[in-house]
Amino acid sequence: DGGITQSPKYLFRKEGQNVTLSCEQNLNHDAMYWYRQDPGQGLRLIYYSQIVNDFQKGDIAEGYSVSREKKESFPLTVTSAQKNPTAFYLCASSPYGDYEQYFGPGTRLTVT
Amino acid sequence: ELKVEQNPLFLSMQEGKNYTIYCNYSTTSDRLYWYRQDPGKSLESLFVLLSNGAVKQEGRLMASLDTKARLSTLHITAAVHDLSATYFCAVDVFSVYSGGGADGLTFGKGTHLIIQP
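Residues numbered from 1 in each chain as written. Chains lettered and ligands numbered in written order. Predicted model: local features only at pLDDT ≥ 70, side-chain atom pairs only at ≥ 80, totals over all residues. Heavy atoms only, no water.

Participant: What is the right way to look at the overall build of chain B in this model?
Facilitator: When its secondary structure is counted, chain B shows 0 helices and 11 strands. From first element to last, N terminus to C terminus, chain B shows the α and β order β-β-β-β-β-β-β-β-β-β-β. Taken over C-alpha atoms, the radius of gyration comes to 14 Å for chain B, in line with the 13 Å a tight globule of 117 residues would show. A principal-axis box enclosing the C-alpha atoms of chain B has dimensions of 50 × 30 × 20 Å. Split into buried and exposed, the 117 residues of chain B put 47% on the buried side. Within chain B, contacts between residues at least 6 apart in sequence are counted, and of these 56% link residues at least 24 apart. One finds the centroid of the 10 positive side-chain charges in chain B at a distance of 3 Å from the centroid of its 11 negative side-chain charges. (Helix = DSSP H or I, 4+ residues; strand = E, 2+ residues; numbered from the N terminus. Rg over C-alpha atoms; globule rule 2.2 N^0.38 Å. Buried < 20%, exposed > 50% of the residue type's maximum accessible area, 1.4 Å probe, protein only. Contact = heavy atoms within 4.5 Å. Lys, Arg positive; Asp, Glu negative; His and termini not counted. Charge placed at Lys NZ, Arg CZ, Asp CG, Glu CD.)

Structure below.
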C-alpha cells in the first residue's frame, strides 16, 4: 500500500527533552511538509522540503529542526527551545509539479 | 503575508437544510483546497480548485472559486448527519524557488459543522 506513515501516533515527553517525529512516504513524492495544529485552529506550516538535502522554514520554524537525507523520509525534531510543543503534528507530501498535498495520520505530542 | 479567513467558524444546522461556508484570502492565488477533518483524525482532501470559475461537486458538497474576488465557497445541499466535521480551506502560492513546487499551504481556522437530526 502506498501512503504516508507517521510514528508514533501518541508521544509523551518531559519538558526540556528533544523529541523526533517520524514521517515516511512511499509515494515517490518530491515535496514534503510539516504542519502543526493546535486545538480549534487551522494548520500552520513549520518546514518544507522540495528536494533531498534541501529544506525551507515555514511560518513557525522556531524551536524545530528537520533533515531530508532521503526522498522518502522527513523527520521533525521538536527541541527544548520550542515554548509550547504540545500539539497535533501532521506531515504531508506532494509530487513535483502537482499541487495537492496528501496528509499522514498525524502524531499527537504532549509535553509536560 | 497571506491570510485566509473562513466564516462562519461554527455552524449548527438541521438535516435537510442548505448552507454555504465562505473562504476569503488576501493575495493572488489560483489554487484553493478544501479539506475535511473528523475529530482526532488527519485531513481528507475534498476539492482542489485550480482556476477562476472552477466548480466541483461531490455528493452533497459543491465548491467554487472566484479568484478575482479572492473567494471560495463550499455549499452543502440537503445536509445529512454524516457531513458533521470540521472543514478547512487552504491556499498556496506558486513557488519560483524550485520551478514548480508549492511552498506550503496557508489554512483558514476551519468551520466546525454540526448537523442535527
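Participant: I keep staring at the nonpolar core and nothing clicks. Help me out?
Facilitator: Nonpolar side chains in soluble globular proteins tend to be buried together. Formed by 25 residues in total, the largest nonpolar core has its most connected members in Leu32, Trp34, Leu74 and Tyr87 of chain B. Put simply, the parts of the chain that give this core at least two residues each are β2 (10–14), β3 (19–25), β4 (32–37), β5 (43–49), β7 (61–66), β8 (71–76), β9 (85–91) and β11 (111–116) of chain B. Examining the composition of this core, we find that 4 residues originate from one element, β9 of chain B, more than from any other. Once residues lying within four places of it in the same chain are set aside, the contact partners of Leu32 of chain B are Cys23, Tyr25, Phe47, Val48, Leu49, Leu65, Ser72, Cys89, Ala90 and Val91 of chain B. Among the nonpolar cores identified, the runner-up in size contains 21 residues, and Tyr47, Tyr64, Leu76 and Ala87 of chain A belong to it. (Core = buried A, V, L, I, M, F, W, Y, C linked by side-chain atoms within 4.5 Å.)

Participant: Is there a simple way to explain the state of the cysteines in this structure?
Facilitator: Each disulfide consists of one covalent bond between the sulfur atoms belonging to two cysteines. Scanning all chains against the criterion turns up 2 disulfides over all chains. One disulfide bridge connects Cys23 of chain A with Cys91 of chain A, the sulfur atoms lying 1.9 Å from each other. Its torsion about the S-S bond being -70°, the disulfide of Cys23 of chain A and Cys91 of chain A is classed as left-handed. Of this pair, Cys23 of chain A sits in strand β3 (residues 19–25) while Cys91 of chain A sits in strand β9 (residues 87–94), and the two are 68 residues apart along the sequence. Judged by its relative accessible area of 1%, Cys23 of chain A is buried. Cys91 of chain A gets classed as buried once you look at its relative accessible area, which sits at 0%. At a sulfur-sulfur separation of 2.0 Å, the disulfide partner of Cys23 of chain B is Cys89 of chain B. Every disulfide takes its handedness from the sign of the S-S torsion; for Cys23 of chain B and Cys89 of chain B that torsion is 80°, giving right-handed. On the criterion of sequence distance, the pair formed by Cys23 of chain B in strand β3 and Cys89 of chain B in strand β9 is long-range, its members being 66 residues apart. (Disulfide = S-S within 2.5 Å.)

Participant: Is there a simple way to explain the side chain of Arg36 of chain A in this structure?
Facilitator: Residue and element names in this part refer to chain A. Looking at the element boundaries, Arg36 is found in strand β4 (residues 31–37). Arg36 sits in the buried class, given a relative accessible area of 6%. Only 3.4 Å separates the side chain of Arg36 from the side chain of Gln82, close enough to count as a polar contact. (Polar contact = N/O pair within 3.5 Å; in protein donor to acceptor, adjacent residues only side chain to side chain.)

Participant: Got a minute to help me understand the confidence of the model for chain B in this structure?
Facilitator: Low-pLDDT portions of the prediction should not be read for the details of their coordinates. Looking at chain B as a whole, the pLDDT averages 90, with 91% of positions reaching at least 70. Long-range and interchain partners of residues 95–100 of chain B, a stretch whose pLDDT sits below 50, account for 14 contacts in this model, where long-range means more than four residues apart. (pLDDT = per-residue confidence, 0-100.)

Participant: Could you clarify how one ought to interpret the interface of chain A and chain B in this entry?
Facilitator: Where interface size is given, it is often the accessible area lost as the parts come together that is meant. With 23 residues of chain A at the interface, the matching set in chain B holds 26 residues. Between chain A and chain B lies a buried interface of about 2,000 Å² when both sides are counted; carbon and sulfur atoms form 52% of it. Broken down residue by residue, the surface that chain A buries against chain B is led by Gln50, Tyr99 and Phe103 of chain A, which jointly contribute 29%. Our count for the contact surface shared by chain A and chain B stands at 0 salt bridges. Linking chain A with chain B are 5 residue pairs in polar contact (both at pLDDT 80 or more), by the criterion used here. Partitioning the side of chain A that touches chain B into residue classes produces 11 nonpolar, 9 polar and 3 charged. (Buried area = accessible area lost by both parts, 1.4 Å probe. Salt bridge = Lys/Arg side-chain N within 4 Å of Asp/Glu carboxyl O. Nonpolar A, V, L, I, M, F, W, Y, C, P; charged D, E, K, R; others polar.)

Participant: Would you take a moment to explain the pattern of salt bridges for this structure?
Facilitator: It is possible for side chains of opposite charge to pair when their charged atoms get near one another. All names here are of chain A. Applying the stated criterion to the full structure yields 5 salt bridges over all chains. In this structure, the salt-bridge partner of Lys71 is Asp30, at a minimum N-O distance of 3.5 Å. Pair noted here: Lys71 is in the loop between β7 (64–66) and β8 (76–78) and Asp30 is in the loop between β3 and β4, with a separation of 41 residues, a long-range link. For Asp38, the salt bridge identified is with Arg44, shortest N-O distance 2.8 Å. By relative accessible area, which is 15% here, Asp38 ends up buried. What makes Arg44 partly exposed here is its relative accessible area of 39%. Several salt bridges share partner residues, and in doing so they unite Arg36, Asp38 and Arg44 into one network.

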